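Survey of secondary and tertiary structure
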Amino acid sequence: MAMPGTPRMRAAGSDSRVSSVLVARVAAVVEQWSRDQVLALASDASSHLAAQSIATAERWSRIGWSSPAGEDEDSGPVVWGEYHGSGARPYRTCADLSEPAFSCSCPSRKLPCKHALALLLLWSDRTVEATGDRPDWVAEWVAKRAERAERKAGRGPDTPVADPAAAQRRARQREDRVAAGLEEFDRWLRDQVRGGLAGAARASYRDWDTVAARLVDSQAGSVGAWVSRLAAVPASGEGWPGRLLEEYALLRLLTVAYRRLPQFGEPMRATVRTRVGFTIRQEEIRSGVPVRDHWQVLGVHQIDLDRLVTRRTWLRGVQTGTMALLLAFAPPGQPMEVPLVVGTTIDADLAFYPGALPLRAVITERYAMPAPTRPPGHTVTGALTTYADALACDPWLDTWPVVLAEVVPTRSPTWALADPTGAALELHPAVEDPWPLVGLSGGHPVTVAAEWTPRGLTPLTAWSVEGEVVSL
């Protein structure tokens, strides 16, 4: 695929002159990612370290990269190589830079594995030469990916439900179970406030889990997960009673909102149902009207939550200014979708989940190679204004993406990011000392993409004045 604004590249064939032109054009239009952007793709700390230890040219052979091999090629530029480890045969590794997507003959289930990361590190250091010829095994992998994409694109809608009446009956039964479960939970909430918050400090994790389990049994799973997380609040330090009371108030608001669903418009009904735990199949989301834009990849945040690894990827549309959240989940140790490269822009269609504040989305189609980008940012006041506007649409919103322009990390005594007006946002208490950000800034203003919560800011990505991108 071509970069935005560039013509599509033609096949090299056997003509050496065409091949030379092809290689020259590839080098001209494909921007090398920085080392930090590559390492940000690592699925865990061990892959991050292992990749750097094997990213030496002496361990690799038959290494190269190229553009699409023809006008009808569905892949972007591909980089490949063979890694010579302790085994008898080298590991064959390749990566499609347009997704990115990876393949390796090693037994690792991580995506990307350490070999793919090491290969990209060599490519980012400009030690991999561009060539118009791909090895057969690389061409075969590219062809198989294109075939799968075609099959997926040609897949028809899901078969209709065999018995619509039975489906409606099951839906009504679930609605009744959820309503009964939330009514019981509402009484529990009022008892907690009536009895005083001191009892929460004496409650064990099992006590909280018992309440959460009853909500899960009533099929209000998201509320149950929320209650499970409350067990940590009494141990969260000074001011915990106020924070717990805030959580109780939001939960009470949700239970009352569900009770009054018929009084709301469809967007707010969708928001309440999602917060309670009703899910929507991705097929239904993809069938909606897509939003095409050049989406800036602001940052990626991966956390372990409720025995599940959750990855949040934040995007912002260049033309629309719309924020979007891509969510990916996997059990610990299991492979997850490959993240987008922070600091790039993708030309793509996004389909949004319904709600009063459409935020979560899925990518339905991509049109061009990722391009480097530097997002514009807000002042601290501007960022808080966007958060307030979002909160007015969804009062249960707990995390919001912000981009701060010309901020400098300060410490007095806690770490914060201050803008030229003197306004500042403190970092989240869970954030460690932000030395990479301090080093990038060196006392000079930087652009920072972060997650904002009521407890503080979690920096995700930073851009220096010179345009250097650092994943935080």
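Residues numbered from 1 in each chain as written. Predicted model: local features only at pLDDT ≥ 70, side-chain atom pairs only at ≥ 80, totals over all residues. Heavy atoms only, no water.

Some details on the confidence of the model for the chain
Per-residue confidence for the chain averages 84 on the pLDDT scale, and 88% of its residues sit at or above 70. Low pLDDT, under 50, characterises residues 1-29; the stretch is placed with 53 contacts to residues that sit more than four places away or in other chains. Across residues 155-161, confidence stays below pLDDT 50; counting only partners more than four residues off in sequence or on other chains, it has 3 contacts. (pLDDT = per-residue confidence, 0-100. Contact = heavy atoms within 4.5 Å.)

Some words on the pairing of strand β14 (residues 446-453)
In terms of burial, β14 is a largely internal element, 8 of the 8 residues being buried. The alternating pattern of β14 places Val446, Val448, Ala450 and Trp452 on one face and Thr447, Ala449, Glu451 and Thr453 on the opposite face, and all of these are buried. Summarising the sheet, strand β11 (residues 400-411) and β14 pair through 6 bridges and their orientation is antiparallel. Bridging from a neighbouring strand, tryptophan 400 pairs with tryptophan 452 of β14. For β14 and strand β15 (residues 456-463), the ladder comprises 7 bridges, and the chain directions are antiparallel. Among the inter-strand pairings, alanine 449 is bridged to a residue of β15, identified as threonine 461. (Buried < 20%, exposed > 50% of the residue type's maximum accessible area, 1.4 Å probe, protein only. Helix = DSSP H or I, 4+ residues; strand = E, 2+ residues; numbered from the N terminus. Pairing = 2+ DSSP bridges.)

Side note on the pattern of salt bridges
Tallied over the entire structure, the rule returns 17 salt bridges. Linking glutamate 82 and arginine 92 is a salt bridge whose minimum nitrogen-to-oxygen distance equals 3.4 Å. In this pair, glutamate 82 sits in strand β2 (residues 78-83) while arginine 92 sits in strand β3 (residues 91-96), placing the two residues 10 residues apart along the sequence. You can call glutamate 82 buried: its relative accessible area is 7%. Residue arginine 92 is classed as partly exposed on the basis of its relative accessible area of 37%. Between lysine 144 and glutamate 140 there is a salt bridge, with its nearest N and O atoms 3.4 Å apart. Highlighted residues: lysine 144 and glutamate 140, both in helix α5 (residues 136-153), separated by 4 residues, approximately one helical turn. Given the relative accessible area of 43%, lysine 144 is considered partly exposed. If you follow the salt bridges from partner to partner, you end up with Glu183, Asp186, Arg190, Arg252 and Arg259 in one network. (Salt bridge = Lys/Arg side-chain N within 4 Å of Asp/Glu carboxyl O.)

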